[in-house]
Amino acid sequence: MQNLEVIVDRQISFRKANTTWYPLVPNHTRLLWVALLIALTILIPTNINHADEMATFLKIGSRREIFVDRWLLEHIDDCTLKLHSPVLAPPVSPPRPHGHYATVLWTGDKYQFYYRGDKDPKVTWKTHGIEAYHDGEVTLYAESVDAIHWTLPKLNLYADHPSFPKGNVVLMDEFLVNHNFTPFLDTKPGIPPNQKYKALGGLAFQPHQSAVRDKRGSGGLLAFASADGIHWKKLQAKAVIAEAWGKYFDSQNYAFWSDSEQCYVCYFRRFINGYRGIARTTSKDFVHWTPFVEMTANLPNEHLYTPCTQPYFRAAHIYIALPTRFMASRGAATDILFMSARGSAQFDREFTQSFIRPGIGDSGWANRANYAAIGIHQTSATEMSLFLTHGRRYTLRLDGFASINAPLGGGSVITKPLVFTGNELEINYSTSAAGRIRVELQDAEGTPIDGFTLAACDPIYGDHIARTVSWQGSSDLTSLSDSPVKIRFVMEDADLYCLKFNPPRKGSKPTSK
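Rules behind the numbers
Residues numbered from 1 in each chain as written. Predicted model: local features only at pLDDT ≥ 70, side-chain atom pairs only at ≥ 80, totals over all residues. Heavy atoms only, no water. Helix = DSSP H or I, 4+ residues; strand = E, 2+ residues; numbered from the N terminus. Buried < 20%, exposed > 50% of the residue type's maximum accessible area, 1.4 Å probe, protein only. Contact = heavy atoms within 4.5 Å. Salt bridge = Lys/Arg side-chain N within 4 Å of Asp/Glu carboxyl O. Pairing = 2+ DSSP bridges. Polar contact = N/O pair within 3.5 Å; in protein donor to acceptor, adjacent residues only side chain to side chain. Axes fitted to C-alpha atoms, helices over the stretch in contact; angles between N-to-C directions. Core = buried A, V, L, I, M, F, W, Y, C linked by side-chain atoms within 4.5 Å. Arc of directions from axis to C-beta.

Take the overall build of the protein next. Assigned secondary structure in the protein consists of five helices and 34 strands. For the protein, the proportion of its 513 residues judged to be buried stands at 51%. Taking as baseline every contact in the protein between residues at least 6 positions apart, the subset at least 24 positions apart corresponds to 63%.

The final tally for this structure, using the stated rule, is 28 salt bridges. With its nearest N and O atoms 3.0 Å apart, the salt bridge here joins arginine 342 to glutamate 65. Residue arginine 342 is located in strand E25 (residues 339-342), and its partner glutamate 65 is located in strand E4 (residues 64-66); the two are separated by 277 residues in the primary sequence. Across the pair, glutamate 65 and arginine 342 agree in class, each one buried.

Hydrogen bonding along the main chain pairs the strands of a sheet, whether they run parallel or antiparallel. The strand order across the open sheet formed by three strands is E20-E23-E24, and the pairing between neighbours is antiparallel. Because the sheet does not close on itself, it has two edges, and the strands there are strand E20 (303-304) and strand E24 (333-336). In the sheet, E20 pairs with strand E23 (residues 324-327) via two bridges, with the strands oriented antiparallel. Each bridged residue has a counterpart across the sheet, and for leucine 304 the counterpart in E23 is arginine 325.

With respect to the secondary-structure elements, arginine 397 resides in strand E28 (residues 392-397). Exposure remark for arginine 397: the relative accessible area of 18% places this residue in the buried category. Polar side-chain contacts of arginine 397 include one of 2.8 Å to the side chain of aspartate 463. Of the polar contacts made by the side chain of arginine 397, one reaches the backbone oxygen of histidine 464; its length is 3.4 Å. With near-sequence residues (within four places) excluded, arginine 397 lies in contact with Thr382, Glu383, Met384, Asn428, Tyr429, Ser430, Asp463, His464, Ile465 and Tyr497.

This part covers the sheet that holds strand E11 (residues 169-172). Reading across the sheet, the four strands line up as E8-E9-E10-E11 and stay open at both edges, with antiparallel pairing between neighbours. Here the strands that pair on one side only, and so sit at the sheet edges, are strand E8 (103-106) and E11. On average, adjacent strands in this sheet sit at an angle of 20° to one another, irrespective of strand direction. Looking at chain direction, strand E10 (residues 137-144) and E11 are connected through three bridges and run antiparallel. Within the sheet, the bridge partner assigned to leucine 140 lies in E11 and is valine 169.

Moving on, we get to the nonpolar core. Core analysis: the largest hydrophobic core is formed by 94 residues, its most contacted members being Leu322, Phe401, Val439, Trp471, Phe489 and Leu499. Of the residues forming this core, the biggest block, nine residues, is contributed by strand E34 (residues 484-502). Residues contacting tryptophan 471, with those up to four places away along its chain left out, are Leu425, Val439, Glu440, Leu441, Gly451, Phe452, Thr453, Ala456, Cys457, Asp458 and Leu477.

Tracing the sequence through the fold places phenylalanine 184 in strand E12 (residues 182-185). The exposure class assigned to phenylalanine 184 is buried, which follows from its relative accessible area of 1%. Spatially, the C-alpha atom of phenylalanine 184 lies 7.3 Å from that of alanine 255, the residues being 71 residues apart in sequence. With sequence-adjacent residues up to four places away left out, phenylalanine 184 is seen in contact with Leu105, Lys196, Tyr197, Lys198, Ala199, Tyr254, Ala255, Phe256, Trp257, Tyr264 and Phe286.

Along helix H4 (residues 125-135), the positions that sit buried rather than exposed are Ile130, Tyr133 and His134. On an axial view of H4, the arc spanned by its buried residues comes to 90°, and they lie on one face. Residues of H4 that are buried sit in contact with strand E9 (111-118), E10 and helix H5 (210-216).

This paragraph deals with the pairing of strand E29 (residues 402-406). For E29, the buried fraction is high: five of the five residues fall into the buried class. The alternating pattern of E29 places Ala402, Ile404 and Ala406 on one face and Ser403 and Asn405 on the opposite face, and all of these are buried. Direction of pairing for strand E6 (residues 80-83) relative to E29: antiparallel, over a ladder of four bridges. Each bridged residue has a counterpart across the sheet, and for lysine 82 the counterpart in E29 is serine 403. As defined by bridge partners, E29 adjoins E34 across three bridges and the pair is classed as antiparallel.

Structure (structure tokens):
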């Protein structure tokens, strides 16, 4: 109280010739000022500061956060973000199905593979014109229980055709649509059973193709729905994404339901400043779409031939993009890049190097030889698979697109202040025989929290997809749940792929002393 009185006295005083002169102000008036300052200090600033601080904390709940970007990171010291290279799986017999603009779906009990075929491979747009070429395109279908060995079921949807003796044609005679028919499993709550699957397909006519457009009607992306992924019907006759938006949709244009954004999202091909690029639009009902937004994904002079953007199945709020980079001046050579995005944000280009190179041999360097299929799926307890043209399958460890990497000499990272929900911290990591990881929890200001210091962390070394962090034998974080914390990782010759706070599991408790 005395300090506040001094402040008030100074506020209502005048200084002259090194002498402080106080006006004749009654003591009860000064006390009134003191009371007012106390009210302002205790009531108003505290509420405002608390709200402002809480708004700056990252709310991650119990989500898995993979280190494909710097969104979670506040400070990095002697560590790097490292992009990992997928490993080519050995070929199988019979060969895996393959075709351009492929899609691989997982239903819970089987994998479904959709890819493009031709009634007569000799009919091309160069030799016979675009009308005959697109009339000859079909969508083919395969199934698998392990994503390694595939069968071509006879669907009996169309009359037998000599080019498809197995009878695995799932869609035929849909002009332009079969060029890039791309389905997905609709996870929007409340979807009718007959719309469990949805798909987009179609092209936009180029200016010199106006005669075919006049004959066959306008283009654009048409919407389809299905109960089983085999029997398809148009949602409406008119394109749901206008022809004028695409230049010229001659790519794989993929849509999906986004739980994090609570809407359908579609990434599609569009020429941007003279280069093949990516645009994005959203919808609440899959029929009416918002005005598109052009994505600033291209590096200078770079063509991105396909968007290939999809939610990561273990962290659906993060979208993984595997676009095809197109090098027109090098014989139309292609390779696969890696990008990521969070919701409506622009793509993150943390990694500019190739994710999958064309490889040894002429086949990978041929004209447009490398396209990644839509669909990244878990194919064992520790690995996930992605698929490329020519029947190729590549594997990575789960969550293993990228990591925080530390050398043997050591390094550290500190996260931004975050708020989690749960009672245990799980990490996906790998160390060398000599490496290790230690973890410290800090308050929002960066002060180590008693009981969760670096010195108290139990040693972490080895290689695990899921390892629970503990401090002096206890992994229980219940006391810190829903409170802002920072996480400090101190690492030596190690990779950290992801972190996740686990909610309480029924019938189990976190370890405690």
